[in-house]
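Inside the fold
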Amino acid sequence: MVAKRQDCNDDLSLIAKFVNSDCFSPRIKLLELEKAFPPEKIERLIELDIVTKKVVEPTTCEYCGNTEINVQKIENKFFVRCEICGKLSTLKIDDCVYAEVSYGSIAEKFLSALCAEKINIEKEEAYVKGSFIIDHTPIKFVFIPLEMGEKDLLPLLWSTTLEASRTLFFVRDENLGNILNTSIPLAIGGLVLVVPLSQFNVNEIKKWISVTLKTQALEKLVLSKIDDEKLKKLVISINTNPKLSLIHISEPT
């Protein structure tokens, strides 16, 4: 059991280093990946379904950029003839091998370390968004593998407050500062836990989830004890949109 847990930690550490590396992108030239990681680490990423090797045929003429080309594969080379400029070019197949990255697989590996169940991916584009189940309770998650500016983060964080769901954000390390700067004016508070991948600590995240579940239970208990409908609606409004707490606090009584 200890060895298995250590293997899991090693895998998460490798994936975090991969996502935070300078070469990371949705599709990486294998030669570039090999400059950053030793063969055994790349093989492990393949075993984990994080990356998949794929030969990508040329799609444009390297001289004029035209897409009308004729490609022939002979032994270990691609021979390309442009139908527009008529020029010929040759590419080694080894130079056309790419590592395609699965953002969804990365998210699933980190969530599985939390013993999450029923991992559901709703969106997988520039970021991964979905939900998982712990202790029969759904928790939202967002995984941001690439750097995102504040203008792109703002609607994502804002939608989180509108859903009124506790959400686990785990992100490429360089996103942490932008997320913190963006979240301050939204008054997100305890709705979101933001974790950079290099600091993904299973025990700390499980503790946050545990507190989250207890808080949700307490909120339901408190609401069940409130008889004043206006006060109950106010509490629900603040829970749905934490910014309203600032508005109501500032209003004269």
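Described below are features of the structure shown in this document.

With that settled, consider the overall build of the protein chain. The helix and strand tally for the protein chain stands at nine helices and eleven strands. Expressed as a percentage of the 253 residues in the protein chain, the buried residues total 37%. If you take every contact in the protein chain between residues at least 6 apart in sequence, the share linking residues at least 24 apart comes to 56%.

Locating Trp158 in the fold gives a position in helix α5 (residues 150-163). The sequence separation of Trp158 and Thr182 amounts to 24 residues, and the corresponding C-alpha distance is 9.5 Å.

On to the sheet that holds strand β2 (residues 51-55), then. Strand order in this open sheet of three strands is β1-β6-β2, and the pairing throughout is antiparallel. Each edge of the open sheet carries a strand with a single partner, namely β1 (27-29) and β2. Geometrically, the sheet is characterised by an average inter-axis angle of 30° between neighbouring strands, direction not taken into account. Here β1 pairs with strand β6 (residues 97-101) via three bridges, running antiparallel. Bridge pairing in β6 places Ile28 opposite Ala99.

Judged by nonpolar contacts, the single largest core of 44 residues is most densely connected at Phe18, Leu33, Ile106, Phe170 and Phe200. Examining the composition of this core, we find that six residues originate from one element, helix α1 (residues 2-20), more than from any other. For Phe200, the contacting residues outside a window of four places in its chain are Leu12, Phe110, Leu114, Phe170, Val195 and Ile205. If you look at the next biggest cluster of nonpolar residues, it comprises 13 residues, including Tyr127, Val142, Leu157 and Val192.

This part is about the pairing of strand β5 (residues 88-92). Summarising the sheet, strand β4 (residues 77-82) and β5 pair through five bridges and their orientation is antiparallel. Within the sheet, the bridge partner assigned to Phe79 lies in β5 and is Thr90. Counted along the chain from β4 to the antiparallel partner β5, the turn is five residues long, and its residue Gly86 has a positive phi close to 80°.

Within helix α4 (residues 103-112), seven of the ten residues are buried, which leaves it mostly tucked inside the rest of the structure. If you check which residues of α4 are buried, you get Tyr103, Gly104, Ser105, Ile106, Ala107, Phe110 and Leu111.

Before going further, it helps to spend a moment on the sheet that holds strand β10 (residues 167-171). A sheet is described by the order of its strands in space; here five strands give the open sequence β7-β8-β9-β10-β11, paired in mixed fashion. Every other strand in the sheet has two partners, leaving β7 (117-124) and β11 (192-196) as the edge strands with one partner each. On average, each strand axis in the sheet is tilted by 20° relative to the strand beside it, whichever way the strands run. Bridge count between strand β8 (residues 128-134) and strand β9 (residues 137-144): seven bridges; the pairing is antiparallel.

This part covers the pattern of salt bridges. A full pass over the atoms with the stated rule returns eleven salt bridges. Residue Glu122 is joined to Lys140 by a salt bridge in which the shortest nitrogen-to-oxygen separation is 3.5 Å. Taken as a pair, Glu122 in strand β7 and Lys140 in strand β9 lie far apart in primary sequence, 18 residues in all. The class of Lys140 is partly exposed, set by a relative accessible area of 23%. For Lys151, the salt bridge identified is with Asp152, shortest N-O distance 3.5 Å. Among the residues examined, Lys151 registers a relative accessible area of 67% and is labelled exposed. Through salt bridges that share partners, Asp11, Arg44 and Glu47 make up one connected network.

Our focus in this paragraph is the environment of Val97. Within the fold, Val97 resides in strand β6. Judged by its relative accessible area of 12%, Val97 is buried. In the structure, Val97 is positioned 40 residues away from Glu57 in sequence and 8.9 Å away in space, judged by C-alpha atoms. Setting aside chain neighbours within four positions, we find Val97 in contact with Ile28, Lys29, Leu30, Lys54 and Val55.

Once that is clear, we can look at the side chain of Ser21. Here Ser21 is to be found in the loop between α1 and β1. Not counting residues up to four positions away in its chain, the partners in contact with Ser21 are Phe37 and Arg172.

This paragraph deals with the packing of aromatic side chains. For the structure shown, the criterion picks out nine aromatic pairs. Through pairs of rings, three or more aromatic residues link up here, namely Phe110, Phe132, Phe141, Phe143, Phe170 and Phe200. Over the ring of Tyr98 we find Arg27; its NZ or CZ atom is 5.7 Å from the centre of that ring.

Scoring rules and cut-offs
- Every chain is numbered on its own, with residues counted from 1 as its sequence reads.
- Local features are withheld for residues below a pLDDT of 70 in this predicted model, meaning they are given only at 70 or higher, and side-chain atom pairs are given and counted only at 80 or more; totals for whole chains, interfaces and linings count all residues.
- Hydrogens and waters are ignored; side-chain quantities use all the structure's heavy atoms.
- Each helix is a run of H or I in the DSSP string that is no shorter than four residues. Each strand is a run of E no shorter than two, and both are numbered from the N terminus.
- Only protein chains enter the accessibility calculation, which uses a 1.4 Å probe. A residue is then buried if its area is under 20% of the maximum for its type, exposed if over 50%, and partly exposed in between.
- Here a residue-residue contact requires only that any non-hydrogen atoms of the pair lie within 4.5 Å.
- What makes two strands pair is DSSP finding at least two bridges between them.
- Only the contacting stretch of a helix is used when fitting its axis, a line to C-alpha atoms as for every element, and angles between N-to-C directions run 0 to 180 degrees.
- What makes a nonpolar core is a set of buried Ala, Val, Leu, Ile, Met, Phe, Trp, Tyr and Cys residues whose side-chain atoms join them at distances within 4.5 Å.
- For this document, the term salt bridge refers to a Lys or Arg side-chain nitrogen within 4 Å of an Asp or Glu carboxyl oxygen.
- Ring pairs are drawn from Phe, Tyr and Trp, using the six-membered ring of Trp, whenever the two centres fall within 6.5 Å, and their geometry is named by plane angle: stacked under 30 degrees, edge-to-face over 60, tilted for the rest.
- In this scheme, Lys NZ or Arg CZ marks a charge over a ring once it lies within 6 Å of the ring centre and within 35 degrees of the ring normal.

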